[in-house]
Amino acid sequence: MRFLLCLCITVLFAGSVMAHPHVWVDSQYRVKVDQANVESLEATWSLDLFTSTSLIAEYDIDGDGEFKGQEKLDMIDVLKSFENYGFFIKMKQDGSELIPKKVHILDVRIRDQMLWIRLGIDLPTPVNLETSTLSLAFGDDELYFAMEPLEEGLVRLSGTLSEICTPVEREATETSVAVWVDLTCKP
């Protein structure tokens, strides 16, 4: 909790002095398309080395390189503070803003000295990818977190329809968004 408080104070103070990100997050959506209607999807984040190292030092109490038991629960509690920012999720259906019904933290782990977070995202209503376009991005409107796509791309597809689905990357007009991906599945 001390780390989060210090990070918030640092971000708020530095934010008034300079407008640049303080935390870098590699992010990706994972969409399983076994049918045209998508009701939920997942997202993964990998926090930058500096932020990861600080959080791991604070919450991996036994220093074994894993979050287990109470360590994992405490780390998840800290990450729940991102609910206040909608977990930086940006979504649109056919150009209209789409707000997730629920976002929950599925897992948090340490991999290659980095903190990895897996989120479950429930959509407010199913989106039919044969008749609608689901647009996905991440972005922090306050500009303290730089949400960048993973090297392999912002959207990773799996499932029986993944071969007929087309994720198309497009440039973002918003300052806080690195890139948008428009997803459709046309047979």
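Scoring rules and cut-offs
Residues numbered from 1 in each chain as written. Predicted model: local features only at pLDDT ≥ 70, side-chain atom pairs only at ≥ 80, totals over all residues. Heavy atoms only, no water. Buried < 20%, exposed > 50% of the residue type's maximum accessible area, 1.4 Å probe, protein only. Helix = DSSP H or I, 4+ residues; strand = E, 2+ residues; numbered from the N terminus. Core = buried A, V, L, I, M, F, W, Y, C linked by side-chain atoms within 4.5 Å. Contact = heavy atoms within 4.5 Å. Disulfide = S-S within 2.5 Å.

Draft legend 1. Unusual backbone geometry, seen in detail. Backbone geometry places phenylalanine 87, a non-glycine residue, at a positive phi of 55°. You can call phenylalanine 87 buried: its relative accessible area is 4%. Of note, aspartate 112 is a non-glycine position whose phi angle comes to about 55°, a positive value. Here aspartate 112 is to be found in the loop between strand 5 (102-111) and strand 6 (114-128).

Draft legend 2. Up close: the nonpolar core. Counting 48 residues, the largest nonpolar core has Tyr29, Leu41, Trp45, Met75 and Ile117 as the members making the most contacts within it. Take this core: its biggest share by element is six residues, from strand 6. Once you skip the residues sitting within four places of it in the chain, isoleucine 117 turns out to touch Ala43, Thr44, Trp45, Leu47, Leu79, Ile105, Asp107 and Val108.

Draft legend 3. Representation of the state of the cysteines within the structure. Inspection of every chain in the model, using the stated rule, returns one disulfide. Shown here is the disulfide that connects cysteine 165 with cysteine 185, its sulfur atoms set 1.8 Å apart. Of note, the bridge from cysteine 165 to cysteine 185 carries an S-S torsion of about 100° and is right-handed in sense. Remark: cysteine 185 occurs in strand 11 (residues 179-185) and cysteine 165 occurs in strand 10 (residues 165-171); sequence separation between them is 20 residues. By the burial criterion, cysteine 165 is buried, and cysteine 185 matches it.

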